[in-house]
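Observations on the model geometry
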Amino acid sequence: MILPQIGEEDVHFFQENGYLQIHHFFSPDEVAELGAALDQTVADKRSRIRGSDSTVSDDYARVFNQMVNLWEDYPVVRKYTFDPRLAEVVRRVSRCRHVRLYHDHALIKPPGQHSKETNWHQDAPYWPMQQVGALSAWIAVDDVTVENGCMQFIPGSHTYGRLAPVPLGTEGASVLKTIAETGVTMEIEPAVMAMEAGGVTFHHGCLFHHATPNRTDRPRRALAIIYIPDYITYDGRWDAGGAKDLEAGKPFTGPQHPILAEDSV
Ligand SMILES: O=C(O)CCC(=O)C(=O)O
């Protein structure tokens, strides 16, 4: 395996800012392969959660078509979800011995006037984990810009810890409002994560982030993978990864949460 070129300064940047952006992580051929696999999931009308007929609100569907755990039924997606280079970056920036998969999800933002922004939110409140520190890798499968819904991050906002969950698709809902209500004044100077297809951003589960609506005429495709550092334990809530045998207070384990990168020393 060719190890990703990330140095101590990148790890430091992630720890301080809560994110890292790496351009051209995947080659054009890899992106084309992943893009074709995501197009297939859409053509198949894959359910949001496999085997579940639960539906989302129209407003949520205007934020994105979210399909969870595609690795289980699409071998090409599995190849990218399990990509050891991605997982190794995650392991290094989170300074831990190993990282496990929580789940992957396609996030396909529909185009046009009805497309909605992804509200300013944190991810950690949705995850059944006792500690914070889990993080995501977000692979741009199309070139992303403000026009088609690239992500924006508030550097350093992960240090505010885990706040209340924000309902996606609900007009006006925002973690920025939540933090303002606590009386905290913070700098809101978003870092705009525009990049070409094949670029990847890594973001901490407590980082404040959002994405603009997609005002172009083509869907904005992304695959995001969520990772669990070894020091995190399960808190007993519903596990979107699909495990049925986790024990509250114990580390994540089992075939739904495989180890994707491990310290070799
Ligand atoms: O793709 C988007 O619009 C937002 C993605 C996101 O919030 C995430 O991956 O945590």
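Above: the structure in question.
Since we're looking at a predicted model, the values are computed, not measured.

**Re the overall build of the protein**
Summing up its helical and strand segments, the protein has six helices and eleven strands in all. Rg of the C-alpha trace for the protein: 17 Å, near the compact-globule value of 18 Å for 265 residues, within the 12% margin. Viewed in the frame of its principal axes, the protein has a C-alpha envelope of about 50 × 45 × 40 Å. For the protein, buried positions account for 54% of its 265 residues.

**Here's the deal with the sheet that holds strand 7 (residues 191–192)**
With antiparallel pairing, four strands are arranged side by side in an open sheet as 4-9-6-7. Every interior strand has two partners, whereas the edge strands, strand 4 (118–121) and strand 7, have only one. Pairing analysis gives two bridges linking strand 6 (residues 151–153) to strand 7, with the strands arranged antiparallel. Bridging from a neighbouring strand, Gln152 pairs with Val192 of strand 7.

**Looking at the nonpolar core**
If you look at the biggest cluster of nonpolar residues, it comprises 38 residues, and the most contacted ones within it are Leu86, Phe202 and Tyr227. Discounting chain neighbours no more than four positions away, the residues touching Phe202 are Phe14, Gly18, Tyr19, Leu20, Ile22, Phe25, Leu86, Val89, Val90, Ser136 and Ala137. If you look at the next biggest cluster of nonpolar residues, it comprises 19 residues, including Leu107, Val144, Met193 and Met195.

**Section: the site of the ligand**
Lining the immediate environment of the ligand, one finds Phe64, Leu107, Lys109, Thr118, His121, Asp123, Trp138, Met151, His203, His209, Ala211 and Arg220. At 2.7 Å from an oxygen atom of the ligand is found a side-chain nitrogen or oxygen belonging to Thr118. In this structure, His121 approaches the ligand through a side-chain N or O atom, which is 3.0 Å from an oxygen atom. Taken atom by atom, the bulk of the ligand overlaps the largest pocket.

**Quick notes on the environment of Val11**
Within the secondary structure, Val11 is located in helix 1 (residues 8–17). The sequence separation of Val11 and Val90 amounts to 79 residues, and the corresponding C-alpha distance is 9.5 Å. Those residues in contact with Val11 that lie beyond four places of it in its chain are Ile6, Arg92, Val93 and Arg95.

**Considerations on the layout of surface pockets**
In this structure, the largest pocket occupies an estimated 570 Å³ of space. Among the secondary structure elements, those contributing two or more residues to the lining of the largest pocket are strand 2 (65–68), strand 3 (98–108), strand 4, strand 5 (135–140), strand 9 (209–211) and strand 10 (222–229). For the lining of the largest pocket, the element with the most residues is strand 3, which contributes four residues. Residues belonging to the lining of the largest pocket are distributed by class as follows: 19 nonpolar, nine polar and three charged. By volume, the second largest pocket amounts to about 280 Å³. What lines the second largest pocket is a set of 17 residues, among which Arg46, Ser47, Arg48, Asn65 and Gln66 lie closest to the centre. When residues of the lining of the second largest pocket are traced back to their parent elements, those giving at least two are helix 2 (28–43), helix 3 (58–63) and strand 2. With three residues, the single largest contributor to the lining of the second largest pocket is strand 2. Residues belonging to the lining of the second largest pocket are distributed by class as follows: six nonpolar, seven polar and four charged.

**Concerning helix 2**
Given a rise of 1.5 Å per residue, 16 residues ought to cover 22 Å, and the 22 Å separating the end C-alpha atoms of helix 2 matches this to within 8%. Within helix 2, the full set of buried residues consists of Val31, Leu34, Gly35, Ala37, Leu38 and Thr41. Seen along its axis, helix 2 keeps its buried residues to an arc of 165°; they face one direction. Opposite the packed face of helix 2, turned more than 90 degrees from it, sit the exposed residues Pro28, Asp29 and Ala43. Against the buried residues of helix 2 lie strand 2, helix 4 (75–81), strand 3, strand 5 and strand 10. Lys45 lies just past helix 2 and shows a positive phi near 55°.

The rules behind the values
Residues numbered from 1 in each chain as written. Predicted model: local features only at pLDDT ≥ 70, side-chain atom pairs only at ≥ 80, totals over all residues. Heavy atoms only, no water. Helix = DSSP H or I, 4+ residues; strand = E, 2+ residues; numbered from the N terminus. Rg over C-alpha atoms; globule rule 2.2 N^0.38 Å. Buried < 20%, exposed > 50% of the residue type's maximum accessible area, 1.4 Å probe, protein only. Pairing = 2+ DSSP bridges. Core = buried A, V, L, I, M, F, W, Y, C linked by side-chain atoms within 4.5 Å. Contact = heavy atoms within 4.5 Å. Near = heavy atom within 4 Å. Polar contact = N/O pair within 3.5 Å; in protein donor to acceptor, adjacent residues only side chain to side chain. 1 Å grid on protein atoms, 1.4 Å probe; cavity = no way out; pocket = protein on both sides within 12 Å on 5 of 7 lines; lining within 4 Å. Sits in = over half its atoms within 2 Å of the grid points. Points joined across faces, edges and corners; volume = space filled by probe spheres on them. Nonpolar A, V, L, I, M, F, W, Y, C, P; charged D, E, K, R; others polar. Expected span 1.5 Å × (residues − 1). Arc of directions from axis to C-beta.

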